[in-house]
Amino acid sequence: MAMKAIFKAAAAAGVLFASMGAHAANPYSECGIGAAIFPDTHWAAATSNVIWDLGSTAITSATASPETCSGAPVAAAMFINSSYDSLAEETARGEGEHLSAMLDIVGCSSIEQPAAAARIRSEMADAVTADGYAGQTRLEKSSAYYDMMQRSVSASCAAAGV
């Protein structure tokens, strides 16, 4: 049963990361054990991270092996993973301490933050009502939220670091 859950999570991570465009590094697919083994294959890196340790090294590798990933994307991913519940609640409201802090981490100015938050809120509304959302792990939800944040910040924040 545990192997089935791991393969299901790995498949979800693979699908999630296979669709990534040419953005800044995504810590979930470009950090940790997965990135070290599969540096040029994002879906394989994400899958490997999930299979080996449910993705924990993807978040902590900035500390353990800074040469494999670092910077604002990693700090944002770590923040999202550690405060996901608060971020989800604040995103639904459209404002909050954690939401603002996350956008600060990635370099989104206070003037640009409302537009970025509105974009994230719109995507999050679709995500939480999608089939399967409730069954996702915290890591899967955090990874999806990271991607939402990355797209929103890229579209709304001029000097953002993701």
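See the structure shown above.
Below: a short report on this structure. (Residues numbered from 1 in each chain as written. Predicted model: local features only at pLDDT ≥ 70, side-chain atom pairs only at ≥ 80, totals over all residues. Heavy atoms only, no water.)

1. Side note on the overall build of the protein chain
To be explicit about the condition: Counting from the N terminus, the helices are the DSSP runs of H or I reaching at least four residues and the strands are the DSSP runs of E reaching at least two. Think of it in three bands: residues with accessible area under 20% of the maximum for their type are buried, residues over 50% are exposed, and the middle band is partly exposed, with areas taken using a 1.4 Å probe on protein chains only. Contact criterion: two residues are considered in contact whenever any of their non-hydrogen atoms come within 4.5 Å of each other. Where accessible areas are quoted, they stem from the Shrake-Rupley method and a 1.4 Å probe; at the residue level, only the protein chains shown are allowed to cover.
Helix and strand counts for the protein chain stand at 10 helices and zero strands. The secondary structure elements of the protein chain, listed N-terminal to C-terminal, are α-α-α-α-α-α-α-α-α-α. A burial count over the protein chain gives 43% of its 162 residues as buried. Pairs at least 24 residues apart make up 62% of the contacts formed inside the protein chain by residues separated by at least 6 positions. Split by element, the accessible area of the protein chain, about 8,100 Å² in all, is 60% carbon and sulfur.

2. Digging into the pattern of salt bridges
Going by this rule: Criterion for a salt bridge: a side-chain nitrogen of Lys or Arg within 4 Å of a carboxyl oxygen of Asp or Glu.
Under the defined criterion, the tally for this structure stands at three salt bridges. Across the pair R138 and D85 runs a salt bridge, and its minimum N-O distance is 3.6 Å. With R138 in helix 10 (residues 138-156) and D85 in helix 7 (residues 84-93), this residue pair connects regions lying 53 residues apart in the sequence. Residue E123 pairs with R151 through a salt bridge whose shortest N-O separation is 2.5 Å. Placement of the pair is E123 in helix 9 (residues 113-129) and R151 in helix 10, with a sequence separation of 28 residues. Relative accessible area serves as the criterion here: at 41%, R151 is assigned to the partly exposed category.

3. Let's talk about the packing of helix 7 against helix 9
Rules: Here an angle of 0 to 180 degrees is reported between the N-to-C directions of two axes, which are lines fitted to C-alpha atoms, with helices fitted over the stretch in contact. Orientation labels follow simple angle bins: below 35 degrees gives roughly parallel, above 145 gives roughly antiparallel, 65 to 115 gives roughly perpendicular, and whatever is left gives oblique. Each residue is assigned to one of three groups, with Ala, Val, Leu, Ile, Met, Phe, Trp, Tyr, Cys and Pro labelled nonpolar, Asp, Glu, Lys and Arg labelled charged, and all others, Gly among them, labelled polar.
Following both chains from N to C, one finds helix 7 and helix 9 inclined at 105°, their axes separated by 8 Å at the closest point. Taken together, the axes of helix 7 and helix 9 are roughly perpendicular relative to one another. For the pair helix 7 and helix 9, contact is made by Y84, A88, T91, A92 and R93 and by I120, R121 and M124, respectively. Split into classes, the residues belonging to the contact of helix 7 with helix 9 amount to five nonpolar, one polar and two charged.

4. Describing the packing of aromatic side chains
Condition: Pairing of aromatic side chains here covers Phe, Tyr and the six-membered ring of Trp, requires ring centres within 6.5 Å, and sorts the geometry by plane angle: under 30 degrees stacked, over 60 edge-to-face, intermediate tilted.
As enumerated under the stated definition, the model contains one aromatic pair in all. Here Y84 and Y145 contribute two aromatic rings whose centre-to-centre distance is 6.1 Å and whose plane-to-plane angle is 85°, an arrangement assigned as edge-to-face. Of this pair, Y84 sits in helix 7 while Y145 sits in helix 10; the two residues are 61 residues apart in sequence, bridging distant segments of the chain. Neither residue differs from the other here; Y84 and Y145 are each classed as buried.

5. Considerations on the state of the cysteines
Basically, it comes down to this: Two cysteine sulfur atoms make up a disulfide if the distance between them is within 2.5 Å.
Throughout the structure, instances matching the rule amount to one disulfide. Put simply, C108 and C157 are joined by a disulfide, and their sulfur atoms are 1.9 Å apart. The sign of the -55° torsion about the S-S bond sets the C108-C157 disulfide as left-handed. Of this pair, C108 sits in the loop between helix 8 (97-105) and helix 9 while C157 sits in the segment after helix 10, and the two are 49 residues apart along the sequence. Like C157, C108 is buried.

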